[in-house]
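Architecture and fold: a report
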Amino acid sequence: MEFGFSEDQRLFQQTVADLLANECPHEAVAEAWKTESGQVPGLWEKLGELGILGATVPEASGGLGLDEVDLVLLLEESGRRACPEPIATVAGIAAPLLAEVGGDVATQWLPRIAAGEARVAVGLAGDRYVADAAAADLLLLQHGDELHALAPGDVRLEAKPSVDGARRIYDVTWTPTPASCIAAGTEGAAIARRAFDRGAWAAAAQLVGLASELLDMSVEYAKGRVQFGQPIGAFQAVKHHLANAKTRLEFARVPTYYASNSLAHDLPSRALDVSTAKALASDAAHLCFRTALQCHGAIAYTYEYPAHMWMKRVLVLERLHGDASWHRQRAARLLLDAPVPSDGATR
Amino acid sequence: MDLHYTKDQDAFRAEARAFLEANVPSGLPPLDSPEGFPLHLEWEHTLFDAGWAVVDWPEEYGGRNCSLLEWLIFEEEYYRAGGPQRATQNGIFLLGPTLLHFGTDEQKSRLLRKIARGDELWCQGWSEPGAGSDLASLTSYAERVEGGWKLYGQKTWTTRGTFSDKSFGLWRTDPDSQRHKGLTYFLVDLHGEGVQVRPIHKLDGDEGFAEVFYDGAFVPDRDVLGEVGRGWYVAMATTGPERGLTLRSPGRFTAMAERLRALARERRDVCDEGMRERVARHWMEAEAYRQVGLWTETRIRRGEDPGAESSLMKLHWSELDIAIHETALDLLGGEAETAVANGEWMKGYLFGLANPIWGGTSEIQRNIVAERILGLPRK
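Residues numbered from 1 in each chain as written. Chains lettered and ligands numbered in written order. Predicted model: local features only at pLDDT ≥ 70, side-chain atom pairs only at ≥ 80, totals over all residues.

Of the regular secondary structure elements, chain B holds 11 helices and 8 strands. Taking the principal axes of its C-alpha atoms as reference, chain B extends roughly 70 × 50 × 45 Å. Here chain B, with 379 residues, has 45% of them falling under the buried criterion. Here the analysis covers contacts within chain B between residues at least 6 apart in sequence; of these, 70% occur between residues at least 24 apart. (Helix = DSSP H or I, 4+ residues; strand = E, 2+ residues; numbered from the N terminus. Buried ≥ 20, exposed ≤ 12 C-beta atoms within 10 Å, placed from the backbone. Contact = placed C-beta atoms within 7 Å.)

Now the structure itself:
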């Protein structure tokens with residue numbers, strides 16, 4: 001029993017943290033709100049050079065051949081910096097999906113993902129919109145039990161506004177054809193279920209990072225802000241808000257790490273472990289967001305202070321790939337309605 | 001990351017399971033009742049004689065030298081098999097570890113095996129009528145006499161005081177001292193002269209509490225634990241582990257969540273989507289505590305000190321315990337009112353309502369999290 005990360009895993013985390021601290025400060029996130037692409041100029045290439053985009057691409061295809069346990073801390077860091085680049089979609093969902101599908105589509109796209117040359121958008125059955133579809137070189141879309149690979153020219157996009165100004169989301173209209181189908185039937189459904197679980201887990205990891213940063217910002221603010229002649233962080237009302245948020249956060253962080261292992265080894269408990277992580281992380285991040293707003297007071301209710309960008313990312317990710325309630329209901333099906341397939345009930 | 005148990009650990013689990021399934025008594029009356037207490041003690045004797053009472057203690061004191069991980073496994077199996085609350089818990093989880101750390105060899109060899117077997121029952125002597133959360137304001141005191149000390153004052157909310165033989169606690173030995181200084185940790189015989197114990201019925205109706213009056217009770221020098229005047233530091237070592245994994249192990253809550261799951265499956269007809277979500281939420285929170293236990297165990301093995309993080313755990317399970325019981329009572333509907341026998345949900349609910357109060361209230365725990373983990377200013 002060794003429930004912890006290796007030195008290499010912590011080192012990779014630190015490298016990504018350093019890169020994002022330099023290349024993706026909150027000013028860069030604010031800038032991404034204003035641009036058409038929602039991207040931070042040059043960041044995608046740097047992430048590619050670091051290897052994070054190809055982290056889960058098999059070594060034979062030019063990637064690092066890592067798994068979810070290696071990736072989770074990196075996704076947490078991308079959340080901590082509210083990084084607008086779709087690391088979670090590409091490294092968390094698309095690359096493992098393509099590797100499982102195999103064949104020509106994998107041969108063609110995995111090396112390009114690993115090289116940081118391809119952006120991939122993913123639309124699974126439960127997703128209302130597809131993020132970053134306009135900038136994508138490839139779209140992976142689910143249709144029932146089938147998965148399809150489409151070129152940007154094969155779909156019609158309608159841009160939608162997002163509460164998170166750094167997100168570029170679209171209604172995608174498309175027609176599945178035998179030529180675009182890359183997996184179907186039982187196999188297609190199983191790959192789609194795993195992709196969904198990876199999406200939920202990757203959202204949980206980012207939520208843990210976002211919530212950690214919101215909490216850190218709030219603690220720093222509470223130490224420095226003086227009212228009634230003392231730092232507001234010395235008042236018990238403020239302390240207890242922050243202590244409650246911290247408690248919930250730590251009891252979401254560990255399950256998110258735990259679910260990484262279940263995904264990496266595709267354990268029978270995978271669906272239950274992912275739902276546990278996503279439900280707890282969604283609720284914890286929501287509490288941290290509310291706590292951050294309350295402990296900062298009016299300043300966090302403005303665009304003058306960066307916290308609002310973190311809060312809005314939380315509002316999106318807590319709902320993405322199933323909100324807390326959805327995941328509790330799925331867990332209830334697994335816990336109370338035997339027999340249910342243990343790798344997750346269909347939506 | 002490797003979340004497998006070793007073959008030896010699996011074998012340990014299997015051995016514990018086999019013993020517990022064959023031996024755990026069922027249908028015992030409440031622990032804190034005159035009829036129930038002796039039966040619970042008998043069970044403690046059985047556990048000890050088979051080597052299962054204190055698996056993590058050294059063999060010379062009746063343990064198996066087990067690691068923290070094996071202790072967590074044992075606890076999972078104990079509560080999975082429906083084992084009753086431990087009658088010896090103050091002795092085995094609080095005093096025992098403190099004795100192992102601060103006790104003299106003479107004290108250890110004289111006391112530990114009796115603690116573990118339940119041959120001597122121990123209770124805590126911390127709270128006083130005027131000193132609850134603010135324990136350092138205590139006013140009980142001891143006077144130096146030939147060969148030892150005479151104790152004076154009143155202790156209260158003494159869990160299982162009515163049934164106990166001895167008490168451990170703090171008395172002020174330096175009359176000129178303030179707060180945390182000048183206190184001494186004493187081991188007191190409750191059956192001796194100058195001690196009076198008055199039972200107090202707790203919220204669940206049992207005589208689980210007592211107040212204890214000391215009027216010149218004699219404690220020989222050999223029953224001072226640690227240095228005279230350094231009692232606060234010894235006591236903090238006693239209250240440290242109780243806040244984290246050891247006094248309320250994860251296994252207790254995973255077993256409780258499984259019981260709730262079984263109840264929800266039985267009562268499918270009253271289990272709407274909202275109720276199903278509540279059951280799933282509690283199951284997840286119990287599972288999260290199990291995972292945090294494993295995470296913490298690895299960190300301790302790697303040489304880290306989780307320290308004040310035990311407060312995060314106590315905050316988590318204090319509320320989880322209550323929430324699981326409230327959902328169970330809602331599932332029982334009208335029958336909740338009568339579920340008062342030992343082991344039933346209303347009885348367990350009333351018992352669990354003490355969690356946010358004892359061992360440092362939830363407010364004290366939040367202060368600890370805020371100040372020692374988040375680094376917020378005390379004043």
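Quick look at the overall build of chain A now. The secondary structure content of chain A amounts to 11 helices and 9 strands. Its C-alpha atoms give chain A a radius of gyration of 20 Å, within 12% of the compact-globule value 20 Å for 347 residues. Considered along the principal axes of its C-alpha atoms, chain A spans approximately 70 × 50 × 40 Å. Per-residue burial for chain A yields a buried fraction of 56% across its 347 residues. Taking the intrachain contacts of chain A between residues at least 6 apart in sequence as the baseline, contacts between residues at least 24 apart amount to 70%. (Rg over C-alpha atoms; globule rule 2.2 N^0.38 Å.)

This part is about the nonpolar core. Residue and element names in this part refer to chain A. Residues Ile 113, Leu 242 and Cys 288 are the most contacted members of the largest nonpolar core, which totals 210 residues. The element that contributes the greatest number of residues to this core is helix H7 (residues 185–224), accounting for 20 residues. If near-sequence neighbours (up to four positions away) are discounted, Ile 113 is found in contact with Leu 53, Gly 54, Val 57, Val 90, Ala 94, Ala 95, Ala 118 and Val 120. (Core = buried A, V, L, I, M, F, W, Y, C linked by C-beta atoms within 7 Å.)

This brings us to the interface of chain A and chain B. Each partner contributes to the interface: chain A provides 37 residues, whereas chain B provides 40 residues. If you list the elements that add at least two residues to the side of chain A that touches chain B, you get H7, strand S9 (230–231), helix H8 (236–264), helix H9 (270–296) and helix H11 (324–336) of chain A. Broken down by element, the side of chain A that touches chain B gets its largest block of residues, 14 residues, from H8(A). Across the side of chain A that touches chain B, the residue classes tally to 20 nonpolar, 11 polar and 6 charged. (Nonpolar A, V, L, I, M, F, W, Y, C, P; charged D, E, K, R; others polar.)

The end-to-end C-alpha distance of helix H8 (residues 273–301) of chain B, which contains 29 residues, comes to 42 Å, matching closely the 42 Å that a straight helix rising 1.5 Å per residue would cover. Following H8(B) by one or two positions, Gly303(B) adopts a phi angle in the positive range, close to 95°. (Expected span 1.5 Å × (residues − 1).)

Residue Ala82(A) is not a glycine yet carries a positive backbone phi of 50°. Tracing the sequence through the fold places Ala82(A) in the loop between helix H4 (68–80) and helix H5 (87–101). Despite not being glycine, Arg179(B) has its phi angle at roughly 50°, a positive value. Inspection of the secondary structure puts Arg179(B) in the loop between strand S4 (166–172) and strand S5 (183–189). Look at Arg179(B) and you get partly exposed, because 13 C-beta atoms sit within 10 Å.

Residues and elements named next belong to chain B. Split by domain assignment, chain B resolves into domain 1 (7–87), domain 2 (122–239) and domain 3 (243–373). Using only C-alpha atoms to locate each centre, domain 1 and domain 3 end up separated by 21 Å. Taken together, the contact pairs 12 residues of domain 1 with 10 residues of domain 3. Here the side of domain 1 that touches domain 3 gets 8 residues from one element, more than from any other, and that element is helix H3 (residues 68–80). (Domains from an automatic or database assignment.)

Residues and elements named next belong to chain A. One open sheet holds the 4 strands; their spatial order is S1-S3-S4-S7, and the pairing between them is mixed. A single partner strand is all that each edge strand has here, and the edge strands are strand S1 (120–123) and strand S7 (181–183). Shown here is a sheet whose adjacent strand axes are inclined to one another by a mean of 25°, direction ignored. Bridge analysis of strand S4 (residues 146–150) against S7 gives 2 bridges, and the strand direction is antiparallel. (Pairing = 2+ DSSP bridges. Axes fitted to C-alpha atoms, helices over the stretch in contact; angles between N-to-C directions.)

Residue and element names in this part refer to chain A. In spatial order, the strands read S2-S6-S5; together these 3 strands make up an open sheet with antiparallel pairing. Of all strands in the sheet, those bounded by a partner on one side alone are strand S2 (130–131) and strand S5 (156–160). In this sheet, strand S6 (residues 169–173) lies alongside S5 in antiparallel orientation, the contact comprising 5 bridges. Residue pairing for S6: Lys 160 is matched across the bridge by Ile 169.

Residues and elements named next belong to chain A. Of the two faces of S1, both are covered, the one formed by Val 120 and Val 122 as well as the one formed by Ala 121 and Gly 123. In this structure, S1 lies alongside strand S3 (residues 138–143), joined through 4 bridges in parallel fashion. Residue pairing across strands places Val 122 opposite Leu 140, the latter belonging to S3.

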